[in-house]
Amino acid sequence: MEHPTRSQAESHAIFGTLRGNKLIERYNHYRKVSTVENSHSIPLSSMEEIMVADIRIGKGLNGHTGIVHGGIISLLLDDSLGW
């Protein structure tokens, strides 16, 4: 995933405000699109898309000790799956 420009990052929660030590420490996406061989009689899409997010969340975003705050999880899922 391409990181936003500096001016965009400052207003983006994940790349601006919440980015740093004990916050969102790592946020990477990997996406692969490939064709799928369909040997089944069930019609399937000829394209397969896979997305993996590599995210490291620091202790500063815990709601309770050892549990990431639900709003942070929602933010990361929304941004990851909307990508």
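Residues numbered from 1 in each chain as written. Predicted model: local features only at pLDDT ≥ 70, side-chain atom pairs only at ≥ 80, totals over all residues. Heavy atoms only, no water.

1. Re the environment of Asn21
Note the cut-off: Helix and strand definitions follow DSSP, with helices as H or I runs of at least four residues and strands as E runs of at least two, each counted in order from the N terminus.
Note that Asn21 resides in the loop between α1 (6–10) and β1 (24–35). Distance from Asn21 to Gly60, taken between C-alpha atoms, is 8.3 Å for residues 39 residues apart in sequence.

2. Quick notes on unusual backbone geometry
At Lys22, a residue that is not glycine, the phi angle is positive and equals roughly 70 degrees. By secondary structure assignment, the location of Lys22 is in the loop between α1 and β1.

3. Some words on the pattern of salt bridges
Pairing is possible between side chains of opposite charge, provided their charged atoms come close. As a reminder, the rule being used: Put simply, a salt bridge is a Lys or Arg side-chain nitrogen that is within 4 Å of an Asp or Glu carboxyl oxygen. Using a 1.4 Å probe on the protein chains alone, a residue whose accessible area is under 20% of its type maximum counts as buried, one over 50% counts as exposed, and one in between counts as partly exposed.
If you walk through the whole model with that rule in mind, you get 2 salt bridges. Put simply, Arg56 and Glu25 hold a salt bridge, and the shortest N to O gap is 2.7 Å. One end of the pair, Arg56, is in strand β2 (residues 47–57); the other, Glu25, is in strand β1, and 31 residues separate them in sequence. Among the residues examined, Arg56 registers a relative accessible area of 43% and is labelled partly exposed. Note that Asp54 is salt-bridged to Arg26, the shortest N-O span being 3.2 Å. Here Arg26 lies in strand β1 and Asp54 lies in strand β2, a separation of 28 residues in the sequence. Taking relative accessible area as the criterion, Arg26 reaches 34% and is therefore assigned partly exposed.

4. Examining the nonpolar core
To keep it simple, the criterion reads: For this analysis, a nonpolar core means a set of buried residues of the types Ala, Val, Leu, Ile, Met, Phe, Trp, Tyr and Cys, connected via side-chain atoms within 4.5 Å. Residue contacts are defined here by distance: any two heavy atoms, one from each residue, within 4.5 Å place the two residues in contact.
Ranked by size, the top nonpolar core spans 9 residues in total: Ala9, Ile14, Phe15, Leu18, Ile24, Tyr27, Leu61, Ile72 and Leu76. Excluding anything up to four places from it in sequence, Ile14 contacts Arg19, Ile24, Tyr27, Leu75, Leu76 and Asp79.

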